[in-house]
Structure formats: C-alpha cells, structure tokens
Amino acid sequence: MKKAAFLAFVVFLLIHQSASAWQWETHSTLAEKVCRDFNCSCISEIRDAAVIPDRDFKDNINHHCYNLSIPCKPSKYYSCPKKNSCPAIEKMEDWLSKSQNENGCNRSSRSCSKLSDTSCQKWKDIGIASHYFFDSKVFWHKVQGESYSDCHEPFEAAVEKKFESGDGSNWTIEQCGAEENYSNMVGYVKEFENILENSSASQKAQDTPLLPECGWRCKLRNWVRILGSYII
Ligand SMILES: [Zn+2]
C-alpha cells in the first residue's frame, strides 16, 4: 500500500512538473527552430519573446484568425466564423516590420562587437511576431463558440505535452473532432520562415529538426504519463 502511494506521488510530481509550462513550451520551441534555422544566436531571447503576447500583453482578443475562404466543417463542438477577422496576422506583420528597423546584430558575428546593440532586439520582435502567426494556425483560433475547458484547452495541452517531452515522432492528437499532428507543426514553422525570408534581409541557413526523435527518456515519460492517468 505504501509503495502504491509513493508511486502515485512520483507520478503526480512528474505530471505536475510538466504542466507548469502550459502552452508556452510549444510557442518557445517553434520560435527556437526559427532562430536555429537562421543562425540567429539569440535562442533564449526568442524563446522568451515567443510567450510575451500571452504573458505580458495579454491581448488575447488579437490571437485569432477567422477566414471565410478556408473550408469549415460544421460541428456540435463549435460554430464556423461568420466574418473575416484576422488580427493575429495583422499583429504579426506589425512586429515583423518593427523587426526590420532594429539593428539585428548577431552576438556571435564579428561585426556585432563593433555595434552598440547586442540586445537581439530584432529577434525578440520576430519571436513576438511568431506567437501571433502560430496562434493563427491553432484550430480553435479559427472557429468560434467552442467550449474552452472541454475542447480548446485540452487540445492545446495535448500538443504542449508532446513539446515538453520532446516527442519528434509522427504523433497525432485529437480533441472534439479537431486534429493536430507533428508534420503540420513543422509545416507552420516553414510557412513562417518563408514569410520571414520574404520580408527581411535574413536568410535561412539550415533546416534543423523541430523536436528530436522520441528516445528512451521521452518514451519512458510518455509511459509514466499513461500509467499516471490510470492511477489518479
Ligand atoms: Zn496566444
């Protein structure tokens, strides 16, 4: 009995720990890949900036994108948008144009040491822009009238768990009829990188993996989570 209680406690700790970074790990990891692909040398800055709209601006009213030209399947879980309204992309554009005015010095580059701004400000702006872009891709940010607690939140939490465990396998999650999968997430980063290449002088240098393949640690953590959901 004592053993079972101890096991339950360990499982609780593991689950609780991973839930502390709700949804932010997803945003930060997506932005980090952009930084790595562009050799931006501002990883911690862009990871932090990627959560600024949720954490600091709290302007959730600007995080959706209703687009009537995208087919929408009617469902009991949500209603299809009735008008075009996409402040998320407008915000992204604002922050990308702001980023073009920053000096954008890479701390690792030689010329950087001669410049005064080593603050990674350009990449912070790009990190903020990425938040709005990636939010515009969330299924629940494209429809209206859904239940936040039954559909929207568990959907984003399931994706977050994949990012927290560093699961780069070909996963798919499903919630209230909405699906998301790993290759879509990689595709969203590619789309944002294309926008970035077309809107600024930055050039993509490489294509790094978004998440590593799910190794033994990741598999163990997933296994413990499944076990935990039976115990608690
Ligand atoms: Zn958001």
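Being a predicted model, the structure only gives us computed values, none of them experimental.

Chemist: So what exactly am I meant to see when it comes to the pairing of strand 2 (residues 178-181) here?
Modeler: Every regular strand shows the same layout, with side chains that alternate between the two sheet faces. Where strand 1 (residues 172-175) and strand 2 come together, four bridges link them in antiparallel fashion. Opposite I173, over in strand 2, you have E180 as the bridge partner. From the end of strand 1 to the start of strand 2, which pair antiparallel, there are two residues, and C176 there has a positive phi angle of about 50°.

Chemist: Looking at this structure, I do not really get the coordination of the zinc ion. What am I missing?
Modeler: Reference geometry at the metal: tetrahedral coordination by four donors gives ideal angles of 109.5 degrees; octahedral coordination by six donors gives 90 or 180 degrees. Protein ligation of the zinc ion involves D54 (OD), H63 (ND1), H131 (NE2) and D135 (OD), the donor distances falling in the range 2.0 to 2.5 Å. In this structure, the zinc ion is surrounded by four donor atoms whose angles at the metal cover 86 to 172°, and the resulting shape is irregular. Mapped onto the sequence, the residues coordinating the zinc ion show the spacing D-x8-H-x67-H-x3-D. Separated by four residues within a single helix, H131 and D135 lie in helix 6 (residues 121-135), roughly one turn from each other. Here the two residues H131 and D135 agree in accessibility, since each one is buried.

Chemist: It is not clear to me how empty space enclosed by the protein should be interpreted in this structure. Could you clarify?
Modeler: To find leftover empty space, one rolls a probe the size of a water molecule over the atoms. Enumeration according to the criterion identifies one cavity of 30 Å³ or more in this entry. Approximately 170 Å³ is the volume found for the largest cavity. Contributing to the lining of the largest cavity are 15 residues, with T26, F134, V138, V159 and M185 lying nearest its centre. Of all the elements in the fold, those that place two or more residues in the lining of the largest cavity are helix 2 (24-37), helix 6, helix 7 (148-164) and helix 8 (182-199). A class-by-class count of the residues in the lining of the largest cavity yields eight nonpolar, three polar and four charged.

Chemist: Would you mind going over the state of the cysteines with me for this structure?
Modeler: Linking two cysteines covalently via their sulfur atoms produces the bond known as a disulfide. Summed over all chains, the structure comprises five disulfides. With its sulfur 1.9 Å from that of its partner, C35 forms a disulfide with C40. When the S-S torsion is -85°, as for the bridge of C35 with C40, the disulfide is left-handed. For C35, a relative accessible area of 1% puts it in the buried group. Using a relative accessible area of 1% as the deciding quantity, one classes C40 as buried. Covalent S-S linkage joins C65 and C86, the inter-sulfur distance amounting to 2.0 Å. With the S-S bond torsion at -105°, the cross-link from C65 to C86 turns out left-handed. Taken together, the residues span a long stretch of sequence, with C65 in the loop between helix 4 (52-57) and helix 5 (87-100) and C86 in the loop between helix 4 and helix 5 at a distance of 21 residues.

Conventions we followed
- Residues numbered from 1 in each chain as written.
- Predicted model: local features only at pLDDT ≥ 70, side-chain atom pairs only at ≥ 80, totals over all residues.
- Heavy atoms only, no water.
- Pairing = 2+ DSSP bridges.
- Helix = DSSP H or I, 4+ residues; strand = E, 2+ residues; numbered from the N terminus.
- Donors = N, O, S within 2.8 Å, 3.2 Å for Na, K, Ca; no water.
- Tetrahedral: all angles 85-135°; square planar, octahedral: opposite > 155°, others 65-115°.
- Buried < 20%, exposed > 50% of the residue type's maximum accessible area, 1.4 Å probe, protein only.
- 1 Å grid on protein atoms, 1.4 Å probe; cavity = no way out; pocket = protein on both sides within 12 Å on 5 of 7 lines; lining within 4 Å.
- Points joined across faces, edges and corners; volume = space filled by probe spheres on them.
- Nonpolar A, V, L, I, M, F, W, Y, C, P; charged D, E, K, R; others polar.
- Disulfide = S-S within 2.5 Å.

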